[in-house]
Amino acid sequence: MAEHELYRKVARAYAARFQQSPQLVVRAPGRVNLIGEHTDYNDGFVLPVAVDQAAWLAVGPAAEPWTTIRAVDMNDDEVVFSVAQVPASVGGWSDYPKGIVWAFLERGLQPSNINAVLTSDVPVGAGMSSSAAIELAFAFAWTTLGQFDIALPDLALLCQKAENQYVGVNCGIMDQMISACGKAGHAMMLDSRSLDRRYFPMPEGVAIVVADSLVRRSLAASEYNVRRAQCEQAVTHLQAYVPDVMALRDVSLRNLERFGRGLPDVVYRRARHVVTENDRVLRFARALYSGDIDTAGALMVEGHRSLRDDYEVSVPELDVLVEAAMEVPGCYGARLTGAGFGGCTIALVAEESVAEFQTHITEVYEARCGKCPAVYVTHPADGVASL
């Protein structure tokens, strides 16, 4: 659905529910990660883009002493609570706005009660960060209404804290930071330790094509925490040999090969993925800077193999989509994007090859997996803003 249609949809839904026009409408994008998977919580490098798909939030002040939020994509499900004392996490979409209120209170800021209507065209469970988009939309709305002096990078950190400590998912900072600070037409290389950001223009004539496997990531949250613990185990082991190591970001492949053999094989392979993936991000950024799309694409395929074999977060359906993508002339590279265990693949495709690409991967996926993938042609978009 086009952006102006989503704007009208959420504004009309707000007016119908609350009998007045919203004070503001906020758009917060989802994201796809070009390369740099499972590196952000290891203080490493990532290279995401904000995308056209976004969460849309129509907001106004509440006359009553409570907050009312309606989610039109959840059968008009509605949640009511007071921002004076946030209720405990119960799971589901309402934990995201509640978690944002909790994070504001932890910061010593008191958000106001609001009326709000939420809609989104970011696929849920597909690895495009629908949760971060919702978090940023609410955080930006409450910041605007409360006239809080919070810069966008700090707002991303607030949202990450909400997801880590209220929702209970130990995510890194990438998803929230790109939703906050994305730049149209550009990929953003983020140093997850320093939070330094550099922007690289995407090559002209190249489309970003996302294919949703329709496999929902039921294992992603629990297995994500397992992977994080395994990375921490590797760091603890390596610190005995290289004391300056604070995270896997500080480990060279040479030192991992030299000192990591005492690790359990599965932990060693988890660390090897992170170490080599950090290197791939830096090489990918250099390739974008020089316009070398062939090298960038080859690095994507190499990264997918590492995610499949060393980090073990792929599933057969994702592998089929990547294999089918690489059979199309004009596809430079493809890989799974997001935490894995389902969700989406991403491919860089010459614009003149997009139609053939969509047809081919759809036919192959239907034949081999019995499902029709949802395919999106996306464009790098700006971060969160009111419209």
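Before any of the text, the structure's been laid out above.
Computed from a predicted structure; not experimentally measured.

Re the overall build of the chain
Along its length, the chain carries 11 helices and 12 strands. Compactness check: the chain gives a C-alpha radius of gyration of 21 Å against a globular reference of 21 Å for 387 residues, within 12% of the reference. A principal-axis box enclosing the C-alpha atoms of the chain has dimensions of 65 × 50 × 40 Å. Looking at the chain as a whole, 58% of its 387 residues are labelled buried. Carbon and sulfur atoms make up 48% of the accessible area of the chain, which amounts to about 15,300 Å² in all. Taken as two groups, the 33 positive and 47 negative side-chain charges of the chain have centres that lie 4 Å from each other.

Re helix α10 (residues 316–325)
Counting buried positions along α10 gives seven out of 10 residues, so the element sits mostly inside the fold. Within the span of α10, buried status applies to Leu318, Asp319, Val320, Leu321, Val322, Ala324 and Ala325. Residues of α10 that are buried sit in contact with β8 (206–212), α9 (293–309), β9 (331–337), β10 (344–350) and α11 (354–369).

A word on the pairing of β8
For β8, a buried count of seven out of seven residues is recorded, marking the element as mostly surrounded by other parts of the structure. Along β8, one buried face is formed by Val206, Ile208, Val210 and Asp212 and the opposite face, lined by Ala207, Val209 and Ala211, is buried too. Relative to β10, β8 runs antiparallel, the two sharing seven bridges. Bridge pairing in β10 places valine 209 opposite alanine 347.

Let's talk about the packing of α10 against α11
The contact between α10 and α11 brings their axes to 9 Å, and the two run at 140 degrees. In terms of their interaxial angle, α10 and α11 are classed as oblique. Read as a crossing pair, α10 and α11 show a hand that is right-handed. The residues of α11 that touch α10, namely those facing Glu317, Val320, Leu321, Glu323, Ala324 and Ala325, are Phe357, His360, Ile361, Val364, Tyr365, Arg368 and Cys369.

Regarding the environment of arginine 17
Within the secondary structure, arginine 17 sits in helix α1 (residues 3–18). Residue arginine 17 is classed as partly exposed on the basis of its relative accessible area, which comes to 28%. If we skip the residues at most four places from it in the chain, arginine 17 touches Thr68, Arg70 and Glu78. A polar side-chain atom of arginine 17 sits 2.8 Å from a polar atom in the side chain of glutamate 78.

Quick word on the nonpolar core
Note on soluble globular proteins: their nonpolar side chains tend to be buried together. Core analysis: the biggest nonpolar cluster contains 78 residues, and Leu34, Leu47, Leu57, Ile100, Phe138, Phe284 and Leu348 have the highest contact counts within it. In terms of nonpolar packing, the next biggest core, distinct from the first, is built from 27 residues, Tyr224, Cys231, Leu248 and Tyr311 among them.

Digging into the environment of glutamate 163
By the element assignment, glutamate 163 lies in helix α4 (residues 152–167). In the structure, glutamate 163 is positioned 95 residues away from threonine 68 in sequence and 21 Å away in space, judged by C-alpha atoms.

Regarding helix α2 (residues 95–106)
The first and last C-alpha atoms of α2 sit 16 Å apart over 12 residues, in line with the 16 Å expected at 1.5 Å per residue. Among the 12 residues of α2, 10 are classified as buried, and the element is accordingly described as predominantly covered. Residues of α2 that are buried include every one of Asp95, Tyr96, Pro97, Lys98, Gly99, Ile100, Val101, Trp102, Ala103 and Phe104, and no others. Those residues of α2 hidden inside the fold are in contact with β3 (67–71), β4 (77–81), α3 (130–146) and α4.

Focus: the pairing of strand β6 (residues 186–191)
For β6, the buried fraction is high: six of the six residues fall into the buried class. Alternating residues of β6 divide into His186, Met188 and Leu190 and Ala187, Met189 and Asp191, and every residue in both groups is buried. With two bridges joining them, strand β2 (residues 45–61) and β6 adopt antiparallel strand pairing. Paired with valine 46 across the strands is leucine 190, a residue of β6. By the bridge criterion, five bridges tie β6 to strand β7 (residues 197–201) in an arrangement that is antiparallel.

So, the side chain of histidine 304
Secondary-structure assignment places histidine 304 in helix α9. Judged by relative accessible area, which is 3%, histidine 304 ranks as buried.

Looking at the packing of aromatic side chains
Between two aromatic rings, the relevant description is the distance of the centres plus the angle of the planes. All told, the structure shown has seven aromatic pairs when counted by the stated rule. When the centroid spacing of 4.9 Å and the interplanar angle of 45 degrees are considered together, the rings of tyrosine 14 and phenylalanine 18 count as tilted. With a gap of four residues between them, tyrosine 14 and phenylalanine 18 both fall in helix α1, about one helical turn apart. Side by side, tyrosine 14 and phenylalanine 18 carry an identical accessibility label, which is buried. Judged by centre distance (5.3 Å) and plane angle (50 degrees), the rings of phenylalanine 104 and phenylalanine 148 are tilted. A residue pair is termed long-range when its members are at least 10 positions apart, and phenylalanine 104 in helix α2 and phenylalanine 148 in the loop between α3 and α4 qualify at 44 residues. This pair shows no difference in class: phenylalanine 104 is buried, exactly as phenylalanine 148 is. Above the ring of tyrosine 199, the side-chain terminus of lysine 183 is found at 5.6 Å from the ring centroid.

Analysis parameters
The residue numbering used here restarts from 1 in each chain and proceeds along that chain's sequence as written. A pLDDT threshold of at least 70 governs which residues receive local features in this predicted model, and a stricter bar of 80 or more applies before side-chain atom pairs are shown or counted, although totals over entire chains, interfaces and linings include all residues. For the side-chain quantities, the full set of heavy atoms in the structure was used; hydrogens and water were omitted. Numbering of helices and strands starts at the N terminus; helices are DSSP runs of H or I of at least 4 residues and strands are runs of E of at least 2. Here the radius of gyration uses the C-alpha set of atoms, whereas the globule reference equals 2.2 Å times the residue count to the power 0.38. Throughout this description, buried means an accessible area under 20% of the type-specific maximum (1.4 Å probe, protein chains only), exposed means over 50%, and partly exposed covers the range between. Computed by Shrake-Rupley with a 1.4 Å probe, the accessible areas treat only the displayed protein chains as cover when residues are assessed. We score Asp and Glu as negative and Lys and Arg as positive, and we do not count His or the chain ends. A single reference atom marks each charge: NZ on Lys, CZ on Arg, CG on Asp, CD on Glu. A contact between two residues is defined here by any heavy atoms of the two lying within 4.5 Å. In short, DSSP must find at least two bridges between two strands for them to pair. A fitted line through C-alpha atoms represents every axis, and for helices the fit uses only the stretch in contact; the resulting angles, taken between N-to-C directions, go from 0 to 180 degrees. Any angle that is under 35 degrees is reported as roughly parallel, and any over 145 degrees as roughly antiparallel; angles of 65 to 115 degrees are reported as roughly perpendicular and all others as oblique. Helix crossings fall into two classes, left-handed where the near helix is turned counterclockwise from the far one by less than a right angle and right-handed where it is turned clockwise. As used in this structure description, the phrase polar contact means that two N or O atoms lie within 3.5 Å; if the pair is within protein, one of them must be able to donate a hydrogen and the other to accept it, and residues adjacent in sequence are counted only when both atoms belong to side chains. For the purposes of this section, nonpolar cores are sets of buried Ala, Val, Leu, Ile, Met, Phe, Trp, Tyr and Cys residues that join through side-chain atoms within 4.5 Å. By definition here, a helix of n residues has an expected span of 1.5 Å times n minus one. Pairs were defined over the aromatic rings of Phe, Tyr and Trp, the Trp ring being its six-membered one, requiring ring centres within 6.5 Å. Orientation was assigned from the angle between planes: stacked under 30 degrees, edge-to-face over 60, tilted for the rest. A ring is considered to have a charge above it if a Lys NZ or an Arg CZ atom is located within 6 Å of its centre and within 35 degrees of its normal.

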